[in-house]
Amino acid sequence: FLGKPILCRANRAFETIFVNGRYIKSSLVCSAVEEGYRTFLMQHKYPFTALHFTIDGGFLDVNVHPTKMELRFSNQNLVYDRCQCASDQNGYPDQ
């Protein structure tokens, strides 16, 4: 789910990401989504998102952080491009 720009927030607390059912924090995904929303949001505002990804475990490294909340993608450029493209193509000319 990518929220309309009118639902923007003052912090990143509502950028929710799940990969294979596990809640994670990913600066890569957040940056990509924020870049896609850049033309729709004011400066220092962040989109309301709930993203669910299903990715083959062979393309993930969950041993980045002891809490397993951060992960590394084997093809980070592809993930960034797909997230940015999806949020940018979401539109919202009327908000």
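Residues numbered from 1 in each chain as written. Predicted model: local features only at pLDDT ≥ 70, side-chain atom pairs only at ≥ 80, totals over all residues. Heavy atoms only, no water.

**Q** Help me out: how do you make sense of the packing of helix H1 (residues 27–37) against helix H2 (residues 76–88) in this one?
**A** When two helices pack together, their arrangement is captured by the angle between the axes and the distance separating the axes. Two elements in contact, H1 and H2, have axes whose closest approach is 7 Å; the angle formed by their N-to-C orientations is 35 degrees. Where H1 crosses over H2, the two elements pack in a sense that is right-handed. When H1 is examined against H2, the residues Leu28, Val29, Ser31, Ala32, Val33, Glu35, Gly36 and Tyr37 are found in contact with a partner set consisting of Gln76, Val79, Tyr80, Cys83, Gln84, Ser87 and Asp88. Tallied by class, residues from the contact of H1 with H2 come to 8 nonpolar, 5 polar and 2 charged. (Axes fitted to C-alpha atoms, helices over the stretch in contact; angles between N-to-C directions. Helix = DSSP H or I, 4+ residues; strand = E, 2+ residues; numbered from the N terminus. Left-handed = near helix turned anticlockwise from the far one by under 90°. Contact = heavy atoms within 4.5 Å. Nonpolar A, V, L, I, M, F, W, Y, C, P; charged D, E, K, R; others polar.)

**Q** Hey, could you run me through the packing of aromatic side chains in this one?
**A** We describe a pair of aromatic rings using the distance from one ring centre to the other and the angle between the two ring planes. Applying the stated criterion to the full structure yields 3 aromatic pairs. With a centroid separation of 6.1 Å and 75 degrees between ring planes, the pair formed by Phe1 and Phe48 is classed as edge-to-face. You can see Phe1 sitting in the segment before strand S1 (15–19) and its partner Phe48 sitting in the loop between H1 and strand S3 (49–53), a full 47 residues away along the chain. Residue class for Phe48 comes out partly exposed when judged on its relative accessible area of 26%. An aromatic cluster is present here, built from Phe1, Phe14 and Phe48 joined pairwise through their rings. Of note, Arg9 hangs over the ring of Phe14, and the distance from its end group to the ring centre comes to 5.4 Å. (Phe/Tyr/Trp six-rings, centres within 6.5 Å; stacked < 30°, edge-to-face > 60°. Buried < 20%, exposed > 50% of the residue type's maximum accessible area, 1.4 Å probe, protein only. Lys NZ or Arg CZ within 6 Å of the ring centre and 35° of its normal.)

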